[in-house]
Amino acid sequence: LPATATIVMALGVQRMAKKNALIRRLPAVETLGSATVICSDKTGTLTQNKMTVQKIYLDHTAIMPEALQINNQLHRYLMYDAILNNDARMDDGKVIGDPTESALLEMVRKCGVDDDFFRGAMERQQELPFDSDRKMSTVYALHGVPTLLTKGAPDVLLERAVYLREKQGIRRMTEEDRTEIIEQNQRFSGDGLRVLAFAYRELKESEELTLSGECDYIFLGLVAMIDPPRAESAAAVADAKRAGIRPVMITGDHKVTATAIAKQIGIFGEGDIALVGPELDAMPDKELDHLIGHIAVFARVSPENKIRIVEAWQRRGSVVAMTGDGVNDAPALKAADIGVAMGITGTEVSKDAAAMILTDDNFATIIKAVANGRNVYKNIKNAILFLLSGNMAGILAVLYTSLA
């Protein structure tokens, strides 16, 4: 039996490798076939991870990205923020770096602006690296003035913005302005667009950049981009549901955006709930256990939230598969019954923590791997049945002969 089970699982691993799923631990093949819940990241797994800017909101108006003009001072400051506060780069016509930042570079190039010229003419003086809660800030000398450039989540930047830049100039932001921006953000998100806010602040000479200094911003506008769902995602989700597997979306995006995408691919249906990280933090375990079966989308989540989600499903007796690609995802991948890391965008830490690696970062590959895992489990059961029946017949034959 041990030899048969090992060979069956090894053949299963071989078949999965041909379908872009690398198994790092042999017993994981069998466990994968028992999965009843798949908690999947949205970006790159359920979607194509190819961001494209669709709309820009500036000066109370939504415009197309091609309408940006470098000689318009408001537009120019947005371009400064998009180009300079950005770690992606172009190499032989190909964009290298984060898909969101790459989309911003492509946006300005469509307007005939050379991003390499700006980067060559201005030197980055200070920076606060990317953070999932507040995104990214850098300091450049714009027109001889040290200027803090920031891009991030609209709700976070709006809380820290005091002024609003319009075509006529800069003025103090009112509650009506905030409401208008929030409503526009909701409209973009409702269309399945991912929204980034842009703001800046002029610094005093020799002022050091700190986290506490990310305040009193001049708000510039919103940039809405789309990451379309993979063509095969909807079919894979439907296959998962038919197989009795509950797909759950986990993302750092806005709740409205995540829900719109989840509806498109069939994860979010009638009676389902979408929850954000802060709501999850405030929810006691008993209430979470009661609601977890109805929550299809978790938005604005932290790595700690992912562990709570896994543990809540496991308390219901579910076998949980969890996807992840970042260093912070490693604890959740370890906590899940099957940790699934991304082979393209995943970090080495996440791959080490996972039992399976997707070489194509595709949700549909997980469903194929589960189907293969179920075949492995069925083959092991068949082997046990064969061994028991065959051996029992041999034992009885020998017994009867000995008695005779």
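As shown above, the structure is provided for reference.
Residues numbered from 1 in each chain as written. Predicted model: local features only at pLDDT ≥ 70, side-chain atom pairs only at ≥ 80, totals over all residues. Heavy atoms only, no water.

Description of the overall build of the protein
Inference 1: The helix and strand inventory of the protein stands at 15 helices and 19 strands.
Inference 2: Taking the principal axes of the C-alpha coordinates as reference, the protein spans close to 110 × 45 × 35 Å.
Inference 3: For the protein, the proportion of its 404 residues judged to be buried stands at 50%.
Inference 4: The contacts of the protein with a sequence gap of at least 6 include a subset with a gap of at least 24, amounting to 64%. (Helix = DSSP H or I, 4+ residues; strand = E, 2+ residues; numbered from the N terminus. Buried < 20%, exposed > 50% of the residue type's maximum accessible area, 1.4 Å probe, protein only. Contact = heavy atoms within 4.5 Å.)

Some thoughts on the nonpolar core
Inference 1: Core analysis: the biggest nonpolar cluster contains 43 residues, and Ile-38, Met-249, Ile-267, Val-297, Met-356 and Phe-363 have the highest contact counts within it.
Inference 2: The biggest single contributor to this core is helix α15 (residues 363–403), with eight residues.
Inference 3: Not counting the four nearest positions on each side in its chain, Met-249 is found in contact with Ser-40, Lys-42, Leu-46, Ala-258, Ile-261, Ala-262, Ile-265, Ile-267, Ala-296, Val-297 and Phe-298.
Inference 4: Leu-84, Val-108, Met-122 and Leu-142 belong to the second largest nonpolar core, which has 31 residues in total. (Core = buried A, V, L, I, M, F, W, Y, C linked by side-chain atoms within 4.5 Å.)

A few points about the packing of aromatic side chains
Inference 1: What the rule picks out here adds up to four aromatic pairs.
Inference 2: Measuring from centroid to centroid gives 5.4 Å for Tyr-77 and Tyr-80, while their planes differ by 80°, and the two rings are edge-to-face. Pair noted here: Tyr-77 and Tyr-80 are both in helix α3 (residues 73–84), with a separation of three residues, about one helical turn.
Inference 3: Residue Tyr-80 is classed as buried on the basis of its relative accessible area, which comes to 4%.
Inference 4: Taking the centre distance of 5.6 Å and the plane angle of 75° together, the rings of Tyr-80 and Phe-118 count as edge-to-face. One end of the pair, Tyr-80, is in helix α3; the other, Phe-118, is in helix α5 (residues 115–121), with 38 residues separating them in the sequence. Each member of the pair, Tyr-80 as well as Phe-118, carries the same accessibility label: buried.
Inference 5: Site record: aromatic cluster; members linked through ring pairs are Tyr-77, Tyr-80, Phe-117, Phe-118 and Tyr-200.
Inference 6: Of note, Arg-165 hangs over the ring of Tyr-77, and the distance from its end group to the ring centre comes to 4.6 Å. (Phe/Tyr/Trp six-rings, centres within 6.5 Å; stacked < 30°, edge-to-face > 60°. Lys NZ or Arg CZ within 6 Å of the ring centre and 35° of its normal.)

Examining the sheet that holds strand β19 (residues 356–358)
Inference 1: The eight strands are arranged β1-β19-β18-β17-β2-β14-β16-β15 in an open sheet whose pairing can be described as mixed. For this open sheet the edge positions go to β1 (21–23) and β15 (273–276), each flanked by a neighbour on one side alone. The average undirected angle you get between the axes of adjacent strands in this sheet is 20°.
Inference 2: Where strand β18 (residues 338–342) and β19 come together, three bridges link them in parallel fashion. Across the sheet, the residue bridging to Met-342 is Leu-358, located in β19. (Pairing = 2+ DSSP bridges. Axes fitted to C-alpha atoms, helices over the stretch in contact; angles between N-to-C directions.)

A look at the packing of α3 against helix α4 (residues 99–110)
Inference 1: Direction vectors running N to C along α3 and α4 enclose 135°, while the axes themselves pass 9 Å from each other. Put simply, α3 runs oblique to α4. Here α3 and α4 pass one another in a crossing that is left-handed. Here Met-79, Ala-82 and Ile-83 of α3 come into contact with α4, specifically with Leu-104, Leu-105, Met-107 and Val-108. (Parallel < 35°, antiparallel > 145°, perpendicular 65-115°, else oblique. Left-handed = near helix turned anticlockwise from the far one by under 90°.)

Looking at unusual backbone geometry
Inference 1: With a phi close to 70°, Asn-20 is a non-glycine residue in the positive phi region.
Inference 2: Relative to the helices and strands, Asn-20 resides in the loop between α1 (2–18) and β1.
Inference 3: A residue is classified by how much of its surface remains accessible, and Asn-20, at 34% relative accessible area, is partly exposed.
Inference 4: Despite not being glycine, Asp-216 shows a phi value in the positive range, around 55°.
Inference 5: Mapping Asp-216 onto the fold places it in the loop between β12 (194–202) and β13 (217–226).

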